[in-house]
Amino acid sequence: RFGLSLRFNGRTSHMATLNNGGHVAGMLSDGTPFFDSNPSSGLPSLQTFRNLSCSAVSGLNDSGVFCASGQEKTGSKWGPRGAFRYDVVGGLSDRILNGGSSEAINASGDVVLSDSLGKAILAYNGSTSVSKQLIKVIDLVPDIASKNLLLNNSFAVRDLNDRDLTTGFGQLLGHVQSTQP
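These numbers were taken from a predicted model, which means no experiment stands behind them. (Residues numbered from 1 in each chain as written. Predicted model: local features only at pLDDT ≥ 70, side-chain atom pairs only at ≥ 80, totals over all residues. Heavy atoms only, no water.)

> Break down the nonpolar core for me, citing the residues and quoting the values.
Residues F49, V57, F66 and Y86 are the most contacted members of the largest nonpolar core, which totals 13 residues. Contributing elements (two or more residues each) for this core: β3 (24-28), β6 (52-60), β7 (65-74) and β9 (82-87). For this core, the leading source of residues is β6, giving four residues. Not counting chain neighbours up to four residues away, the residues in contact with F49 comprise T32, P33, F34, F35, F66, Y86 and V88. Listed in part, the 11 residues of the second largest apolar core include L122, I138, V141 and F155. (Core = buried A, V, L, I, M, F, W, Y, C linked by side-chain atoms within 4.5 Å. Buried < 20%, exposed > 50% of the residue type's maximum accessible area, 1.4 Å probe, protein only. Helix = DSSP H or I, 4+ residues; strand = E, 2+ residues; numbered from the N terminus. Contact = heavy atoms within 4.5 Å.)

Now the structure itself:
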């Protein structure tokens, strides 16, 4: 992720994210998310999604699925604010958490979220039997000392990598900030 102002086909973006294929997803200055499948070609490949209004586009995986925080419009009505995934190829939206925000997405479509209280949650986009399972990150911490460290301080998860073949989960990246004086 980076916070540069970019110009795509004459339109300004204030937040954009890249995937390994060189595709770009982001948010235009009016909150409309976009996807550009070939930004270096100079050809018109910019797609915008007027049925979505975002406060952030947080990640883009290599399958063309981005995670964002905002609202989706169905008909003439805007839905509740929250975190969602949007499949650019299939044109499908998947609301994950009302009132939450997305932080990152991996190749499997797992998304790191923050709930309305700022607590980290992992949306596990697993097999069809475990579809869209929400797991509190604190519940993934195996030892009591580390769990107490997180419970007694402020922590945030900002990224995750692809799933490990042995554990079936990606590793999480974040920070802990002491709340003690």
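> Run through the layout of surface pockets, naming residues and quoting values.
Space left empty within the atom packing is revealed by a probe, the size of a water molecule, rolled over the atoms. The calculated volume of the largest pocket comes to roughly 340 Å³. If you trace the largest pocket, you find 20 residues lining it, with L18, L60, I105, D159 and L160 closest to the centre. Within the residue set of the lining of the largest pocket, elements represented by two or more residues are β2 (11-18), β6, β11 (101-105) and β15 (154-160). Here the residues of the lining of the largest pocket sort into six nonpolar, eight polar and six charged. Put simply, the second largest pocket is a space of about 180 Å³. (1 Å grid on protein atoms, 1.4 Å probe; cavity = no way out; pocket = protein on both sides within 12 Å on 5 of 7 lines; lining within 4 Å. Points joined across faces, edges and corners; volume = space filled by probe spheres on them. Nonpolar A, V, L, I, M, F, W, Y, C, P; charged D, E, K, R; others polar.)

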